[in-house]
Amino acid sequence: MNRAAAVLAWALSAAPCAAWGAARESLGDASRLALATVVWLALVGLPAGRRERRAGTATARAWPRALGLALPPAACAAWLDLRAGHAPQDLWTTAVAGLLLFVVLGEARRMAARAGGDGLYALAWLAIVPGTLGLRAALDWAALGPGEPFAPVVWLAERGPLDWAFARLAPGPEPAPWISVAALAVGLWAAGAIDGRRARAGEELR
Amino acid sequence: MIAVVLACTVHMATRAPQDAFATHELRLEGPLEGVSIEGGAGWTTRVVGELGAGEGRTLRVPVVTADAPPRAAAPMPVLVPRSEDADPGADAALAPALFAPPDWDGLPDGLRRRALPPLRASRAGAGTPRLALLAAAAVLSLAFWRRTPVALAAGLVAGMACFVLPERPPPRVAVEVLEGDGASGRWLRVRGAVASLELEPGSSGWCESVPASSERRLEVTLAGGPRWSLVGEGLALYALEEHALEEHVLEETALLEAGELGGLGPERNDLEDLAAVWRRDGAGRWTFHGPWERGTALPAPDAGEDAPDPPGWLISALPQGVGISVARSAAGAEGVPRWARWVDRTSFGERR
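Residues numbered from 1 in each chain as written. Chains lettered and ligands numbered in written order. Predicted model: local features only at pLDDT ≥ 70, side-chain atom pairs only at ≥ 80, totals over all residues. Heavy atoms only, no water.

With respect to the packing of aromatic side chains
Aromatic ring pairs are defined here through the distance separating the ring centres and the angle between the ring planes. The criterion, for reference: Geometry of aromatic contacts follows a simple scheme: Phe, Tyr and Trp rings, the Trp one being its six-membered ring, pair when their centres are within 6.5 Å, and the pair is stacked under 30 degrees between planes, edge-to-face over 60, tilted otherwise. Secondary structure elements are taken from DSSP: a helix is a run of H or I of four residues or more, a strand is a run of E of two residues or more, and numbering for both begins at the N terminus. Exposure is judged per residue with a 1.4 Å probe applied to protein chains only, and the accessible area is read against the type maximum: over 50% gives exposed, under 20% gives buried, and values in between give partly exposed. For a ring to carry a charge above it, either NZ of a lysine or CZ of an arginine must fall within 6 Å of the ring centroid while also lying within 35 degrees of the normal to the ring plane.
The full count for this structure, using the stated rule, is five aromatic pairs over all chains. Seen in terms of ring centroids, Trp-278 of chain B and Phe-288 of chain B are 5.4 Å apart; in terms of plane orientation they differ by 45 degrees. Their pairing is tilted. With Trp-278 of chain B in strand β12 (residues 274-280) and Phe-288 of chain B in strand β13 (residues 286-292), the pair connects residues that are 10 residues apart, well separated along the chain. There is no split in this pair, since Trp-278 of chain B and Phe-288 of chain B are both buried. Its end group placed over the ring of Trp-79 of chain A, Arg-130 of chain B keeps NZ or CZ at 3.5 Å from the ring centre.

Here it is, written out as structure tokens:
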């Protein structure tokens, strides 16, 4: 995660804590911690850009720094949720599972960048992170029409990290996304490894 | 959305009986730090206050009874000793109920079905100290972006500090509604507040919490004279008490004794000065009438385009086909808006 993306994520995740008046009312009883989690999960695995790869900064382990930036807004959001009457165990579930997803996404991004290329990783990230959320939105629209959606598509849409984080907005117990975490880790690490192998093969040919 | 509205409507139409609390006399012998009494429906009465060795005190306490009217036998108080080892001199004895509210089912059906006023505590903000802390931690993390341990440590420390910084007390959310029934001339005074609601010591009535949590309790504080309150962190708490009108007051709208509540029919306001009144006729048309002074007839309707609408919660779940007055009172305690709802005498001859 580069510094610009980290600053953007920080501003977006701190905004619910700083909101006042009508803006605060419009958020209703939504969990501020889940809102902060959505932002960071959306941006922490963002594939490295060409400029970042050229500068050689993409291979550094950036997610711990980003975590340093993410913790204060997340803690403030959790404090606000506690004051608003959210159950502590629900907040713990959001915090622990969110942290796990954060580490997996950040580390997979670094692995892909270190392997020398991130073409496949970028595709995998696009499919798993924003893709599953888009799939869920499409299913919601489709639900307005006749017929039942294809079950595997529904299963896939429900396993996306952002879909899980959005589900945590409403107070109440939600099972931790262990299947999502495992699928995400395997999918993204595999994408990074394949990228690396292809990059090495290309170097050998040259 | 339709399902939620339907569910709410069904819930309001079939409201469960309220939990009745009665006044009991409690005899305490020190040394002790308090007393806990298990009441009915998950309510606990807690007496908070310290009594020294040899010190005795008799006071009145509210206890929620599972039965209405309350049983002759009072529940057993549990002592909270001053030290880990209970002192043999400490004692507490609860007498049977002195005063108890009438049977909830004996209230007019129209009053029992009224929906409780909503109590929505606006969510608190983070406050300036926490926002300043967030900004400072972000600047520090970005300044040491290439030194991962420093950036991470700054985030950890600031995150933990968010939980220990002092906070401002939450804004008080409270409301009072006078629910009137023209058929019986009875009023139900409903008061609500979030987290804590003061009760009149020595009174009896009904109470309710939303949600019905096991954390709810009736608290009697000994310091500074016994003070009664409903307490429940994060809960919407309600206290209901009945006010009845004598027959002659109903018929002649005669002068009322102090504390009595008069009718609110269109011919005369015998309740109190009202800041804004809305009137619904039998056909269901609402009109705004502006302020309405006590002792006068209902003012002419204000047909202006700027006439405000009555609050939605105040006009929901009301009976059809009868005249209704709803009003915002000019009285009421500071920060506690007071509303009134009056349903005219029905043609069904309903009278209890």
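As for empty space enclosed by the protein
Residue and element names in this part refer to chain B. As a reminder, the rule being used: A 1.4 Å probe that fits but cannot get out identifies a cavity on a 1 Å grid over protein atoms alone, an open set with protein on both sides within 12 Å along at least five of seven lines counts as a pocket, and a residue lines either if it has an atom within 4 Å of a point. Grid points are joined across faces, edges and corners, and a volume is the space filled by probe spheres set on the points. When residue character is reported, Ala, Val, Leu, Ile, Met, Phe, Trp, Tyr, Cys and Pro are called nonpolar, Asp, Glu, Lys and Arg charged, and the others, Gly included, polar.
What the rule picks out here adds up to three cavities of 30 Å³ or more. Volume-wise, the largest cavity comes out at about 60 Å³. If you trace the largest cavity, you find it lined by Phe-21, Arg-191, Leu-199, Glu-200, Ser-203, Ser-204, Ala-239, Leu-240 and Glu-241. Looking at the lining of the largest cavity, the elements with two or more residues in it are β8 (186-199) and β11 (227-244). With three residues, β11 is the single largest residue contributor to the lining of the largest cavity. Split into classes, the residues belonging to the lining of the largest cavity amount to four nonpolar, two polar and three charged.

Some details on the packing of helix α3 (residues 32-44) of chain A against helix α5 (residues 63-83) of chain A
Residue and element names in this part refer to chain A. Quick reminder of the rule: To obtain an axis, a line is fitted to C-alpha atoms, over the contacting stretch when the element is a helix, and the angle between two such axes runs from 0 to 180 degrees between their N-to-C directions. An angle counts as roughly parallel when it lies under 35 degrees, as roughly antiparallel when it exceeds 145, as roughly perpendicular when it falls between 65 and 115, and as oblique in every other case. Two helices that cross are described as forming a left-handed crossing if the nearer one is turned anticlockwise from the farther one by less than a right angle, and a right-handed crossing if clockwise. Contacts: residue pairs with any heavy atoms within 4.5 Å of one another.
One can describe the packing of α3 onto α5 by two numbers: an axis separation of 7 Å at closest approach and a directional angle of 160 degrees. One way to sum up the angle between α3 and α5 is to call them roughly antiparallel. Considering only the axes of α3 and α5, their crossing is right-handed. Contacts from Arg-32, Leu-33, Trp-40 and Val-44 of α3 reach α5 at Trp-63, Ala-66, Leu-69, Ala-70, Ala-74, Ala-77, Ala-78, Leu-80 and Asp-81. Here the contact of α3 with α5 is composed, by residue class, of 11 nonpolar, no polar and two charged.

Concerning the interface of chain A and chain B
Applied cut-off: By definition, the buried area sums, over both parts, the 1.4 Å-probe accessible area that each loses when the two are put together. Salt-bridge detection follows one rule: a side-chain nitrogen of Lys or Arg within 4 Å of a carboxyl oxygen of Asp or Glu. Here a polar contact is recorded for every N or O atom pair within 3.5 Å, except that within protein the pair must consist of a potential hydrogen donor and a potential acceptor, and residues adjacent in sequence are included only if both atoms are side-chain atoms.
Taken together, the 36 residues of chain A in the interface contact 28 residues of chain B. Buried area between chain A and chain B, both sides added, is near 2,700 Å², and the carbon and sulfur share of it is 66%. Counting across the chain A and chain B interface gives zero salt bridges. Joining chain A to chain B, the criterion identifies three residue pairs in polar contact (both at pLDDT 80 or more). Among the secondary structure elements, those contributing two or more residues to the side of chain A that touches chain B are α1 (3-18), α2 (21-26) and α5 of chain A. Broken down by element, the residue count for the side of chain A that touches chain B peaks at 17 residues, all from α5 of chain A. Its residues assigned to classes, the side of chain A that touches chain B comprises 22 nonpolar, five polar and nine charged.

Observations regarding the confidence of the model for chain A
Heads up, the rule is: pLDDT: the predictor's confidence for each residue, scored from 0 to 100.
Within chain A, residue pLDDT values average 81, and 86% of them lie at 70 or more. Mean pLDDT values for the elements of chain A range from 71 in helix α4 (residues 50-55) of chain A up to 91 in α3 of chain A.

Focus on the state of the cysteines
Keep this limit in mind: Sulfur atoms of two cysteines make up a disulfide when they are within 2.5 Å.
The full count for this structure, using the stated rule, is zero disulfides over all chains. No disulfide involves Cys-17 of chain A; its sulfur sits 3.8 Å from that of Cys-76 of chain A, the nearest cysteine.

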